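Notes for the structure review
What follows is the residue order along each chain.
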Amino acid sequence: MLARRGSRKPMAVVLVHGAFVDGSGWRPVHDLLTQDGYQVAVVQNPTVSLRDDVAATRLVIDAQDGPVVLVGHSYGGAVITEAGTHPKVGALVYVAAFAPDADESVNTLIDTFPSGAPQMPGLPPRGGFIHQDPKKFHESFGADLPDDLAAFMSDAEVPWGTDAATGTVTDPAWRTRPSWYLVATQDRELPPATQRTMARRARSTVVELPATHAVYITRPAPVADLIERAARGDGPRQAGVRPVRRPASVKPEADDMVDEEPRAELARLEAQIAELRQTARELRDGLNDAGPTDIEDRSQVIYEAEQQEAIVGELERRRDELRAQLG
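Scope of this entry: the structure provided in the associated data block. (Residues numbered from 1 in each chain as written. Predicted model: local features only at pLDDT ≥ 70, side-chain atom pairs only at ≥ 80, totals over all residues. Heavy atoms only, no water.)

Counting 41 residues, the largest nonpolar core has V14, L70, Y75, L92, Y94, W160 and Y181 as the members making the most contacts within it. A total of five residues in this core trace back to one element, the largest contributor, which is helix α2 (residues 50–62). If near-sequence neighbours (up to four positions away) are discounted, L70 is found in contact with V14, V16, T57, I61, I80, A83, G84, V89, A91, L92 and V93. Listed in part, the 38 residues of the second largest apolar core include A150, A211, V223 and I227. (Core = buried A, V, L, I, M, F, W, Y, C linked by side-chain atoms within 4.5 Å. Buried < 20%, exposed > 50% of the residue type's maximum accessible area, 1.4 Å probe, protein only. Helix = DSSP H or I, 4+ residues; strand = E, 2+ residues; numbered from the N terminus. Contact = heavy atoms within 4.5 Å.)

As structure tokens, this is what we get:
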């Protein structure tokens, strides 16, 4: 892997968007990465078919000067899984994204979503394309998006081709490339449990973030931080989110993992730690009561509890730093 700084040039970063949106949503992440010296390209994949989106992505990879970190959000994860076998690709980053195996499609994975879990409010296909219900877009895609931005994104929705949804992966790149995965724990389009299962299967280095499916827009700093970790080759390990700088292009309310006034940050951390501890406790208590008996299901619950506890550990370290700072 190439180092982020030093005598060698940083790895290039190629960003691939998901369904119903275009590449402009990557702007905040793009700006943070370019500020840190990375060469960044955004693929405007048409989302008509998986094959065409892979072709568009490979063209952009071809144009880069050297090794590439290939990043995908949502359906873009399927695209990078197929396109990531390109010889220039050195690392993969999945941001609340699909990571299919061979002969799987996005639709195949949607069929495995946990019963009753929130998911994309798709309307019946028309003319070979799928749309989301505009009345449910804000709540589903990103409840933490500003109202005006969510309304515009819904009005500007890009139709998603059924051939993109059903296109199958032939040779998953995560089998031969190191990968990093950001799980959005408040995602209402791609269930967090499914994200964790895919990340575990791909043996990804995992970061969990309390954010929605729109995490790459509303929480760009932690997303950029994970991409830079992938570029440096930091991993594999399970990790929580460390505090990061506030991007100048994003309003403070859109990214709460920022440099806050110390006492306000301490109060927020205490509340978040308590919430995560309660979640982990409930998960483990469920195993001792009428919890799942299937080994795979029990393993998944234990994994989720461990993830919550790992994040608590990271937040507690930051809390202790603040307490020492405040005396």
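Mapped onto the secondary structure, T218 falls in helix α9 (residues 215–218). Using a relative accessible area of 2% as the deciding quantity, one classes T218 as buried. In this structure the side chain of T218 is engaged in a polar contact, spanning 3.1 Å, whose partner is the side chain of D144. (Polar contact = N/O pair within 3.5 Å; in protein donor to acceptor, adjacent residues only side chain to side chain.)

Let's shift gears to unusual backbone geometry. Unlike most non-glycine residues, T47 shows phi in positive territory, near 55 degrees. Relative to the assigned elements, T47 resides in the loop between β2 (40–43) and α2. Overall, T47 belongs to the buried group, its relative accessible area being 0%. A positive phi angle, near 45 degrees, is found at A96, a position not held by glycine. Classification of A96 as buried rests on a relative accessible area of 0%.

Evaluated as defined, the whole model comprises nine salt bridges. Among the salt bridges present, the one from D52 reaches R51, with a minimum N-O distance of 4.0 Å. The exposure class of D52 is partly exposed, given its relative accessible area of 36%. A salt bridge links E104 to R201, with the shortest nitrogen-to-oxygen separation between them at 3.0 Å. Of this pair, E104 sits in the loop between β4 (89–95) and α4 (106–110) while R201 sits in helix α8 (residues 192–201), and the two are 97 residues apart along the sequence. For R201, a relative accessible area of 31% translates into the label partly exposed. (Salt bridge = Lys/Arg side-chain N within 4 Å of Asp/Glu carboxyl O.)

As enumerated under the stated definition, the model contains six aromatic pairs in all. Relative to W160, the ring of F20 lies with its centre 5.5 Å away and its plane at 70 degrees, an arrangement referred to as edge-to-face. Here F20, found in the loop between β1 (12–16) and α1 (27–35), pairs with W160, found in strand β6 (residues 160–161); they are 140 residues apart in sequence, far enough to count as distant. Residues F20 and W160 agree in their burial class; the two are buried. Linked through ring pairs, F20, Y75 and W160 together constitute an aromatic cluster. (Phe/Tyr/Trp six-rings, centres within 6.5 Å; stacked < 30°, edge-to-face > 60°.)

Turning our eyes to something else, we now look at the pairing of β1. With respect to burial, β1 is a largely interior element, five of its five residues being buried. Every second residue of β1 is oriented toward a common face, with A12, V14 and V16 on one face and V13 and L15 on the other, all of them buried. Bridging between β1 and strand β3 (residues 68–73) involves five bridges; their strand directions are parallel. In the sheet register, V16 faces β3, and the bridge partner there is G72. Direction of pairing for β1 relative to β2: parallel, over a ladder of four bridges. Paired with V13 across the strands is V40, a residue of β2. Chirality of the crossover, the property in question, places the unit of β1, α1 and β2 among those that are right-handed. (Pairing = 2+ DSSP bridges. Right-handed = clockwise from strand over helix to strand, strands pointing away.)

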